[in-house]
Each structure stands twice: as C-alpha cells, then as structure tokens.
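# Breakdown of the fold
Spelled out, the chains give:
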Amino acid sequence: MASRGKWSSSIGFILAAAGSAIGIGNIWRFPYMTGKYGGAAFLFVYLAAVVLLGMPVLIAEIAMGRATGKNPVGAFKEFRPRGPWKLVGYLGVLAGVMILSYYSLISGWTLGYFFKTLSGALKNAGTAVTPGIFTAFAQNFWLQAFLLAAFLFITGYIVARGIANGIEKACKLLMPVLFVIMLILLVRSLTLPGAGKGLEFYLKPDFSQLTPRVIIDALGQAFFSLSLGMGAMITYGSYLKKEESIPAGAAWVAFLDTITAVMAGFIIFPALAAFGMSPEGGHPLVFHILPVIFDQMPFGTLFGMLFFLLLGVAALASTVSLLEVAAAYLIDERKWSRKKSVLTASGLSFLIGVPSILSFGNVDFFRRLPLVHISFFEMMDFVWGSLALSVGALFIAIFVGYVWKSSSALKEIRQGAKRFRYAWIWSFSVKYLCPLLIAATLFILFIG
Ligand code: TRP
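In what follows, the accompanying structure is described. (Residues numbered from 1 in each chain as written. Predicted model: local features only at pLDDT ≥ 70, side-chain atom pairs only at ≥ 80, totals over all residues. Heavy atoms only, no water.)

## Topic: the packing of aromatic side chains
By the definition in use, this model includes 34 aromatic pairs. A centroid spacing of 5.0 Å and a plane angle of 65° characterise the contact between Tyr-113 and Phe-287, whose relative ring orientation is edge-to-face. In this pair, Tyr-113 is assigned in helix α5 (residues 86-119) and Phe-287 in helix α13 (residues 285-295), connecting sequence segments 174 residues apart. By relative accessible area, which is 2% here, Phe-287 ends up buried. Judged by centre distance (6.2 Å) and plane angle (80°), the rings of Trp-252 and Phe-255 are edge-to-face. Here the residue Trp-252 and the residue Phe-255 both occupy positions in helix α12 (residues 246-274), the gap between them amounting to 3 residues, near one helical turn. Sitting over the face of the ring of Phe-382, Arg-213 holds its NZ or CZ atom 3.9 Å from the ring centroid. Sitting above the plane of the Trp-336 ring, Lys-340 keeps its charged end 4.2 Å from the centroid. (Phe/Tyr/Trp six-rings, centres within 6.5 Å; stacked < 30°, edge-to-face > 60°. Helix = DSSP H or I, 4+ residues; strand = E, 2+ residues; numbered from the N terminus. Buried < 20%, exposed > 50% of the residue type's maximum accessible area, 1.4 Å probe, protein only. Lys NZ or Arg CZ within 6 Å of the ring centre and 35° of its normal.)

This is the structure we're talking about:
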C-alpha cells in the first residue's frame, strides 16, 4: 500500500498493537530474565514498571503518532523541525533494525522447534537431553542462517503488502488460539508433582536480589514487552482514527500483553521445579523446559506443534511492527518505495543477525574481547532491548510532557476519549515519574 492506510476498526488497532506487544518477549525473554534475576523480585519490579511507566508512555506514543500521522522521525520533526529532538526518532528506527536482527533469530527457533516436534526428535526427551538438543540446534550455523533469513523474508513480505491487510487478519484469528493453548499448558504445569517450589520462586519476593542491573532490565523488559521506546506505537498510532479511544486501546494492549507474560511464568517455573531444572538457565531456558512439558501431556506432540507454530505467528506480528518502523521512515522521509524500504531494512537486519548466530557457536569472537565477557547476542539484547528502549522512553516522556506539553497531548487524547478519568495521573507520570525513575536508574547503573 503506497498511501498511508488506516486500521479498519478499533478492534483492528487493538489486535495489531497487542500482536506487536505479545511475542517471544513474553514467552521467551520474560521467563529467562525472571529466572536469571531471582524470580518474584524481578516480577514485581516489572509489573510496577508496566503500570507506572509503561502504560503512560504507551498512551504518549500512540497520541504522538495519531496527532502527526507520521513515523517516529517525522513525528518529532513535525513538532520540532529544527534541533536535536528528531534524533530520538532516528534512535528508534536504528533500535528497530537492531532488535529485529536477533529477535528474528529467536523467532526462527520457534519454526525449528515446530519441525523438531513434528519429526519426533523431542519425543521422550527428558531434562537430561533437551539442553544438548538445543545447543546442537543453535550451533548449526547454516540452519540458523536459513531460519533467520526465512523469518525475515516472511516479515518483509507482510510489511511490503501494507498495513491493514496482513497483520490485522492474522492477529484476529490466531492470538485467541495461542491464549487457549497457554491456558491448557498452565493447568498441566501447575498440576505436576513438585510444582509448588516453582510457584514460591515466582511469587515470593526476595528483594535483596535487586541491583541496578536487575532494575534496568526490569524496566527494559516492561518497555520491550509493550513495544515501547522506539516508536513502534507512534507508527501504529499514526494509522489510528480520531474517533477511537487511545486510553482504552492502551489499557487493552497492556492488559493482554502483561497477562500473557505472567501466564508464561506460571507455565515455566512450576515445571522447572517439578523436573528439577534450574531457573537460571539463561536465554535457552524455555527451549529446555517446554519440550519436557509437552512430553508429559496427552496429545503432547500435537500441542507442541501448535504451540510453536502459534508462537511463531505471535513473533511474526512483532517482527512486522519492528520492520514497519524502519519502512514507514524510509517511505515517508526518504520517499523510497515500500518494496525498496522493506528490502533494505530487512537485509540490514539479516547482516547484523549473523554475528548473533555465531555467538552460539564456537567462534564467539566477541566474548574474548577485553572488558566484554558477554556474547555478541547478549550484548545486543542488553544494549538495544533494555538500554536503548529505556533511553528512548525517557526522551519520549520528556518530549510529550514538556515540549509538545501534556496539556496539548491531552487535547489529542480527548478526541475519541471525552472522559479520560486518569488524565492527571497520566500527566503526572509523563512529566515526573517517567523522567525521574528512568533517569535515576540509568544514572545508578553507570555511576553507581
Ligand atoms: N513487544 C514484542 C515482544 O515482546 C517485541 C517488539 C515488537 C518490540 N516491536 C517492538 C520491542 C518494538 C521493542 C520495540 O515480543
């Protein structure tokens, strides 16, 4: 679609925005971070961040997008044609391409695991063997490169076809099915003998675990999960009609996204405890434990296949939103064709994804560099997935609170939401809470 389309209905916007928000961020990233950072303490900081910072920034982004009808760079330019504010937009476009590079790689794993389940490779695989199966899978360079390319190709194909068609339809149909499968998994996991210990880990906080690094990752996870801090929601908001309610849409998106992540935790941690696996398994965590859960269920192969397939679809709705940011920028600001924009941005993501693939194999050049000690992939996820989004959210809050001004933003929000009861809370958060809390966390991380 060359011209800028509009969502056909408010439910279309909610499902597409929820589709962007819900993805492997909920089902892969949230559980592994919660496991790595001590369980309940991380969960509570994350939940607080969603309510206090995430929701307000979500409303702010959608309002900026709808008011300007533009991509992130164009939106900042519209308010402030001169000066440095548009850099926040550029940072967002860059973050989108960077996150897309490794996010698509993990998304490719869902396809890989779909076929592994189908072929029976995971049948009777206990906790002793699933980690080895995963390692061999991740170290297979050509397979990984193929999966990454395949996932980016499907993403590019959908984005090239334009906004309202592809994304909206897929989300409407398939998200509810994923939800039902997760409910079934949750029941299975909670009824495993020994599940209680996992529940305790997940729900009984030990706040002595909290360090600046844990807190910044919890904030980062809140932004990552809601697709905030880089303008994805500015872009999606730009396709939203004036008569739709922004606060209601934002509340639905945040609710659906958060409940999905919390549910994933209720699936993963009881099962880990029941099978005697450590929650600190790092990023492969869910790929170690999920096959074991499926193996303990009637029709496990079928459930497993459906789950990985639908998780792939959920991931696809997210990669589409990541690519859409860069595409909308190139189309609007550089006047490129949609096709050329999509090819360039996804091609770039592929190239940047290659070192991430290599960091699972034996040639992790990055980890050997002095001062680094983490893999290229882990560096990407921290720098872009946690830090850049937090910095982006910080600047978006300051911009909406003080430059555009929260009173002008409220005028935009009130179109379609006459009685926005929480207006003052929203203004307070955008003007004071977000800037102070995010800046303080970043400050302590770097100085403290
Ligand atoms: N929110 C998605 C998830 O949790 C990932 C995602 C999509 C994203 N678009 C984004 C993250 C924009 C940050 C910014 O899986």
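## Let's talk about the pattern of salt bridges
Counted according to the given criterion, the structure contains 8 salt bridges. Among the salt bridges present, the one from Lys-123 reaches Asp-295, with a minimum N-O distance of 3.9 Å. Linking Lys-123 in the loop between α5 and α6 (130-139) with Asp-295 in helix α13, this pair joins segments that are 172 residues apart in sequence. When the shortest N-O distance is used, the salt bridge between Lys-242 and Glu-412 registers 3.1 Å. With Lys-242 in the loop between α11 (232-237) and α12 and Glu-412 in helix α17 (residues 406-414), this pair connects stretches of sequence that are 170 residues apart. On the basis of relative accessibility, which here comes to 34%, the residue Lys-242 falls in the partly exposed class. Counted as one network, the salt bridges with shared partners bring together Arg-66, Lys-242 and Glu-412. (Salt bridge = Lys/Arg side-chain N within 4 Å of Asp/Glu carboxyl O.)

## Describing the site of the ligand
Taken together, 16 residues lie around the ligand, and Ala-21, Gly-25, Tyr-103, Phe-224 and Ser-227 are the ones closest in. Between a nitrogen atom of the ligand and a main-chain N or O atom of Ser-20, the distance comes to 3.2 Å. Note that an oxygen atom of the ligand is positioned 3.4 Å from one of the backbone N or O atoms of Ile-24. Taking 360 Å² as the accessible area of the ligand by itself, protein coverage stands at 100%. When atoms are counted within 2 Å of each cavity's grid points, the one that captures over half of the ligand is the largest cavity. (Near = heavy atom within 4 Å. Polar contact = N/O pair within 3.5 Å; in protein donor to acceptor, adjacent residues only side chain to side chain. Areas by Shrake-Rupley, 256 points an atom, 1.4 Å probe, with all protein chains shown as cover. 1 Å grid on protein atoms, 1.4 Å probe; cavity = no way out; pocket = protein on both sides within 12 Å on 5 of 7 lines; lining within 4 Å. Sits in = over half its atoms within 2 Å of the grid points.)

Taken by themselves, the reported measurements are silent on function.
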